[in-house]
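# Inside the fold
Spelled out, the chains give:
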Amino acid sequence: MNVLDKKITQWFPGLVVRKDLVKAVKGNAIVPSYVLEYLLGQYCATSDEPTIQTGIETVKEILRKHFVHRNEAGLVRSNIKEKGRYKVIDKVSVALNEKTDAYEAEFSNLGIKKVLVDSDTVKAHPKLLVSGVWCICDIEYQFTEDNRATPWMLSTLKPIQLSHFDFDAYLEARRQFSLDEWIDLLVQSMGFNPELFGRRSKLTQLIRLIPFCERNYNLIELGPKGTGKSHIFSEFSPHGILISGGEVTVPKLFVNNSTGKIGLVGYWDVVAFDEFAGKQKRADKALVDILKNYMANKSFSRGIETLGAEASMVFVGNTRHAVPYMLKHSDLFEELPDRFYDSAFLDRLHCYVPGWEVDIIRNEMFSNGYGFVVDYLAEILRSLRDHDFSDRYKPHFSLSSDISTRDRDGIHKTFSGLMKILFPHDGATSEEVEELLRFSMEGRKRVKDQLMRIDSTYAAVAFHYSDAQGTEKVVTTLEEVEYPHHYHRTIAEAEPDVAGRPALAEQGAAASQNTQDAAGGTDDAAGPKEGHLTFIENQKGVTYDTLFGPYVRGASRITVTDPYIRLFYQVRNFMEFVETVVRQKEPGEEVSIRLVTVEDDFRGEQQRDNLGKIKEACEAIDINFDWEFDQSKSIHARHIVTDTGWKIALDRGLDIFQHYEMNEAFAFANRLQQLRPCKAFEVTYLRQK
């Protein structure tokens, strides 16, 4: 175990589990992760490897004996008959039979119906009445000649969820972790390896948890396929339900007026609509209208009666086009069904998660570290729904008066949710509060900016805030920074092209050149300029050519100082810098490049071999490359110095790109730097005398 895992198991004994164990026990069982982790939490919540292995075998044996596979349902029913009583793990739903005035259970995989359930069980677990709950049950079999009676009887029923938890102990344990450690613990609890995510990407993942801890929170996430948008809502918590967007009706979601039966919003903390995007999908106008009212007022009507509910609404769907295409030709909501492509509905969304910033899930992204048993975290998040942290920023910052009430509500709810998740003990510094406030404002700004593109009646809003000294600060979205020439144009302003789509190519080309110039700090008339540039995490479109090209052009000697040119990907970054130099040098000229770095204590031989291969390659193209290892191992500065008088200070050195498929020959991010998401970094250009 690493240091963090040891700390996790120390402060949360019996409440955490190694996340790779879920895959080890799941096999072909179609069962939610929280069910498996419930069992693993009973037998594997330890750091002792022999105990873990024994626990895994125990859980596998329990699943083998008691989890009901549909294709083996007949065998399980036979076991119940022969033994008289048998324990099963299955999804159970209950309905009231008005003719017999009795509650009857249906077992999803076992395939039996009309199993009598007593009223006390239904009162204790009302979610059995809506879509079902995973349970561990004892079922008995007693044959009767009465054709109207069922031989199946429910002896005991225990929903698979935590029975109790100590919230004060949770708060005390939280105080023992730094913010970075706590974020990594939560990311591991979601099943991901935090080492492969930047800070912004981690916070994006955590936004998906807000609907579980914030009442009536309206969230949308649209992005490419395979980024895990729906996973968190289908398998993370027993208090959330994921439904297909095309299967929703007013009676199912809100209330059946003929029977008086309350729908999903009355029983679940989170109702998530899967596959919500798609212009071809049909939506009932009545559903959209009642949904708009519920999202705005937290209530819905049943005849003449008005009812309230606390369920958060989540909408997830896939996009077909990349962000610049959507911004150029339509907007970021272009994939929504026509009925939902409505400004009044969209204005009720509190946050838009940029799904295109989330990496497509790969095997190496899954964690083998320790994280909360998800059912424990689900109960903690549910208990936090009773708290309100929306004003925790006010001692430090104030929002601009331009921000409307609805925009302010969206910002407050997102901020409150993030504070509950990260600072339930209320220990945030001013800098930490500001980070979450900016992130919350960006999520709502993304909604509002698209509304202004769609509906001209919406006025522009300045998403500003001020600190305690009165300094005003502006919030921008990442796509606004990357594509400013497309972002601020409305569809009405664009002239249609021959295909009938808005054409912004002319303006876009000019602005693209301006953006490229800014990225390199240059202009064509004056050449390279002094300056300081800041880049946001997940920003794309950045290359070594735009960052360094104008400054190494014409140089005959270049010195690169970077203590972290050690691992393979770091040496490859250096090779790509050399490629930039090659593209900038005049044919027939020679350039000398010297690297000052630190020798790797464990892979020094491999490091020397890789640098030697670069030297051999350079000899054929008039590049004189050499390197030296700093023996003191005390260098920390990272910069590039040229004999033409330029010094480029790099806070991250050449390591500006996030993890990408380096060994995948057919991945564009492998071939083109501008398609790789960046880490957050800064560059300063200085002219030396």
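Note: the structure precedes this text.
Let me sum up the structure you'll find in this document. (Residues numbered from 1 in each chain as written. Predicted model: local features only at pLDDT ≥ 70, side-chain atom pairs only at ≥ 80, totals over all residues. Heavy atoms only, no water.)

### Some words on the overall build of the protein chain
When its secondary structure is counted, the protein chain shows 25 helices and 30 strands. With the C-alpha coordinates aligned to their principal axes, the bounding extent of the protein chain is approximately 100 × 65 × 50 Å. Classification of the 689 residues of the protein chain by burial places 54% in the buried group. Residue pairs in contact within the protein chain that sit at least 24 positions apart in sequence constitute 73% of those at least 6 positions apart. Total accessible area on the protein chain is roughly 31,300 Å²; 48% of this is exposed by carbon and sulfur atoms. In the protein chain, 85 positive and 101 negative side-chain charges are present, and the distance between their average locations comes to 4 Å. (Helix = DSSP H or I, 4+ residues; strand = E, 2+ residues; numbered from the N terminus. Buried < 20%, exposed > 50% of the residue type's maximum accessible area, 1.4 Å probe, protein only. Contact = heavy atoms within 4.5 Å. Areas by Shrake-Rupley, 256 points an atom, 1.4 Å probe, with all protein chains shown as cover. Lys, Arg positive; Asp, Glu negative; His and termini not counted. Charge placed at Lys NZ, Arg CZ, Asp CG, Glu CD.)

### A closer look at a negative patch on the surface
Negative charge collects at one region of the surface, where Glu-586, Glu-589, Glu-590 and Asp-622 lie side by side. Relative to the elements of secondary structure, Glu-586 occurs in the loop between α23 (568-584) and β26 (591-597). (Patch = residues over 30% accessible without salt bridge, like charges linked within 9 Å, V, L, I, M, F, W, Y side chains within 5 Å. Salt bridge = Lys/Arg side-chain N within 4 Å of Asp/Glu carboxyl O.)

### Considerations on unusual backbone geometry
The phi torsion of most residues other than glycine is negative, and most of the peptide bonds are trans. Backbone geometry places Glu-275, a non-glycine residue, at a positive phi of 50°. For Glu-275, the position within the fold is in the loop between β11 (270-274) and α13 (285-297). Judged by relative accessible area, Glu-275 falls into the partly exposed class, the value being 46%. Despite not being glycine, Asp-426 has its phi angle at roughly 60°, a positive value. By secondary structure assignment, the location of Asp-426 is in the loop between α17 (405-422) and α18 (430-454). On the accessibility criterion, Asp-426 (47% relative accessible area) is partly exposed.

### Thoughts on the environment of Asp-375
Relative to the elements of secondary structure, Asp-375 occurs in helix α16 (residues 374-383). The exposure class of Asp-375 is buried, given its relative accessible area of 1%.

### Section: the nonpolar core
Side chains of nonpolar character tend, in soluble globular proteins, to be buried together. Counting 90 residues, the largest nonpolar core has Phe-12, Tyr-170, Phe-372 and Leu-422 as the members making the most contacts within it. Within the second largest apolar cluster, 71 residues are counted, among which are Ile-220, Ile-243, Val-250 and Leu-291. (Core = buried A, V, L, I, M, F, W, Y, C linked by side-chain atoms within 4.5 Å.)

### Let's talk about the layout of surface pockets
Space inside the second largest pocket adds up to approximately 670 Å³. Residue lining of the second largest pocket: 31 residues in total, with Pro-32, Lys-91, Trp-134, Ser-234 and Leu-242 positioned closest to the centre. Contributions of two or more residues to the lining of the second largest pocket are made by β5 (133-141), α11 (231-235) and β8 (240-244). With five residues, β8 is the single largest residue contributor to the lining of the second largest pocket. Here the residues of the lining of the second largest pocket are counted per class, giving 15 nonpolar, 10 polar and six charged. (1 Å grid on protein atoms, 1.4 Å probe; cavity = no way out; pocket = protein on both sides within 12 Å on 5 of 7 lines; lining within 4 Å. Points joined across faces, edges and corners; volume = space filled by probe spheres on them. Nonpolar A, V, L, I, M, F, W, Y, C, P; charged D, E, K, R; others polar.)

### Quick look at α18
Here α18 is 25 residues long and its end C-alpha atoms lie 36 Å apart, about the 36 Å a rise of 1.5 Å per residue gives. For α18, a buried count of 19 out of 25 residues is recorded, marking the element as mostly surrounded by other parts of the structure. (Expected span 1.5 Å × (residues − 1).)

### Examining the sheet that holds strand β18 (residues 464-467)
As summarised here, the arrangement of the three strands in space is β17-β18-β19, forming an open sheet in which the pairing is antiparallel. At either margin of the open sheet sits one strand with a lone partner, and together these are β17 (397-399) and β19 (472-474). Going across the sheet, the axis of each strand differs from the next one's by a mean of 30°, ignoring polarity. Where β17 meets β18, three bridges bridge the pair, whose relative direction is antiparallel. Residue pairing across strands places Phe-397 opposite Asp-467, the latter belonging to β18. This element, α18, spans β17, β18 and β19 of the sheet and lies at about 15° to β17. (Pairing = 2+ DSSP bridges. Axes fitted to C-alpha atoms, helices over the stretch in contact; angles between N-to-C directions.)

### Looking at a nonpolar patch on the surface
Taken together, the side chains of Phe-668, Leu-672 and Leu-675 define a hydrophobic patch exposed on the protein surface, amounting to about 280 Å² of accessible area. Locating Phe-668 in the fold gives a position in helix α25 (residues 668-671). For Phe-668, a relative accessible area of 58% translates into the label exposed.

### Regarding the pairing of strand β15 (residues 351-354)
It is a general feature of regular strands that their side chains alternate between the two faces of the sheet. Side-chain alternation along β15 places Cys-351 and Val-353 on one buried face and Tyr-352 and Pro-354 on a second face that is also buried. In terms of strand pairing, strand β7 (residues 218-223) meets β15 through four bridges, oriented parallel. Pairing of Leu-219 across the sheet is with Cys-351, part of β15.

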